[in-house]
Amino acid sequence: GNLFQNKLLVREVVRLSGASEGKRIIEGFAGAGNLTIPLADAGATVEAVESHPGAIRMAIRNRQRSKCAERITIIESDALKELGKLAPNPDVLVIDPPRTGMPTLAAALSKLNPGCVVYVACDMEALRRDALSLAKAGYKPIEVVGIDLYPRTHHVEAIVKFER
């Protein structure tokens, strides 16, 4: 949508995640690797879950072109169903769900048990609902960053870091 503001969005997600060598990050709704590659570039090991075939093809291509391919695992599956099946206790869960949010977040959190969650939201109502699921699981919002990806519209992208 907005190449200039996307750089800011990526930088903030990497910063809030604390991506660094030795950290294990699970990323849901990974797309073509917009966040995946920079998280791995920062030194983290990233398990990226995406379901769209075209995005998977681009993610594989982007991983191959990167300097951090060995730290990226791409999982072709629906993040709504797959996140709860991955090995538990990642350092960070990064999710950038569609406008509808992640209605299965509570179930995924109970099985995944991430150290913290970095949630990228394009819909404030879905963020409100999912933040309540996070709160019920013991997570509290620590920092919020708003980014105006679509100037002169009412849309605002929010990045929220939740910790226990």
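I will try to describe carefully the structure that is included in this document.

How each quantity is defined
Residues numbered from 1 in each chain as written. Predicted model: local features only at pLDDT ≥ 70, side-chain atom pairs only at ≥ 80, totals over all residues. Heavy atoms only, no water. Helix = DSSP H or I, 4+ residues; strand = E, 2+ residues; numbered from the N terminus. Expected span 1.5 Å × (residues − 1). Buried < 20%, exposed > 50% of the residue type's maximum accessible area, 1.4 Å probe, protein only. Contact = heavy atoms within 4.5 Å. Core = buried A, V, L, I, M, F, W, Y, C linked by side-chain atoms within 4.5 Å. 1 Å grid on protein atoms, 1.4 Å probe; cavity = no way out; pocket = protein on both sides within 12 Å on 5 of 7 lines; lining within 4 Å. Points joined across faces, edges and corners; volume = space filled by probe spheres on them. Nonpolar A, V, L, I, M, F, W, Y, C, P; charged D, E, K, R; others polar. Lys, Arg positive; Asp, Glu negative; His and termini not counted. Salt bridge = Lys/Arg side-chain N within 4 Å of Asp/Glu carboxyl O.

1. Brief notes about helix α1 (residues 3-17)
Then step 1. Taking 1.5 Å per residue as the helical rise, α1 with its 15 residues ought to reach 21 Å, and the 21 Å between its terminal C-alpha atoms agrees with that figure.
Then step 2. Burial in α1 covers these residues: L9, V10, E12, V13, V14, L16 and S17.
Then step 3. Those residues of α1 that are buried are in contact with β1 (24-28), α2 (36-41), β4 (92-95), β5 (116-121), β6 (140-147) and β7 (157-163).
Then step 4. Of the residues one or two after α1, G18 is the one with positive phi, at around 70 degrees.

2. Brief notes about helix α3 (residues 53-65)
Then step 1. In a regular helix each residue adds 1.5 Å, so 13 residues correspond to 18 Å; α3 covers 19 Å between its end C-alpha atoms and thus fits that length.
Then step 2. Inspection of α3 places G54, A55, I56 and A59 among the buried residues, and these make up the whole buried set.
Then step 3. Where α3 is buried, its residues contact β2 (45-50) and β3 (72-76).

3. Structural notes on the nonpolar core
Then step 1. The biggest cluster of nonpolar side chains holds 29 residues, and the ones touching the most others in it are I25, L39, V94 and I159.
Then step 2. In terms of residue count, α1 provides more of this core than any other element does, five residues in total.
Then step 3. With 23 residues, the next largest nonpolar core counts F29, L86, L109 and A121 among its residues.

4. Topic: the layout of surface pockets
Then step 1. By volume, the largest pocket is sized at about 390 Å³.
Then step 2. N6, L9, N34, D96 and L149 are, among the 20 residues lining the largest pocket, the residues nearest its centre.
Then step 3. With three residues, α1 is the single largest residue contributor to the lining of the largest pocket.
Then step 4. Its residues placed into classes, the lining of the largest pocket shows 11 nonpolar, five polar and four charged.

5. With respect to the side chain of E27
Then step 1. Structurally, E27 can be placed in strand β1.
Then step 2. One buried charged residue, E27, remains without a salt bridge, the closest side chain of opposite sign being R63 at 11 Å.
Then step 3. If we ignore the near neighbours within four places in the chain, the residues touching E27 are L35, T36, L39, V46, E47, A48, V49 and V94.

6. A short note on empty space enclosed by the protein
Then step 1. A complete count under the given rule lists one cavity of 30 Å³ or more for this structure.
Then step 2. Taken as a whole, the largest cavity encloses approximately 50 Å³ of empty space.
Then step 3. Taken together, 13 residues line the largest cavity, and the ones lying closest to its centre are G33, T36, A48, A59 and I74.
Then step 4. Broken down by secondary-structure element, the contributors of at least two residues to the lining of the largest cavity are α2, β2, α3 and β3.
Then step 5. Looking at side-chain class alone, the lining of the largest cavity contains eight nonpolar, three polar and two charged residues.

7. Observations concerning the pattern of salt bridges
Then step 1. Here the structure, examined in full by the defined rule, presents seven salt bridges.
Then step 2. Across the pair R71 and E70 runs a salt bridge whose closest N-O atoms are separated by 3.2 Å.
Then step 3. Relative accessible area serves as the criterion here: at 62%, E70 is assigned to the exposed category.
Then step 4. In this structure, the salt-bridge partner of E125 is R128, at a minimum N-O distance of 2.6 Å. Separated by three residues within a single helix, E125 and R128 lie in helix α6 (residues 124-136), roughly one turn from each other.
Then step 5. On the basis of relative accessible area, R128 is assigned to the partly exposed category, the value being 44%.
Then step 6. By sharing partners, the salt bridges in this structure join E12, R15 and E143 into a single network.

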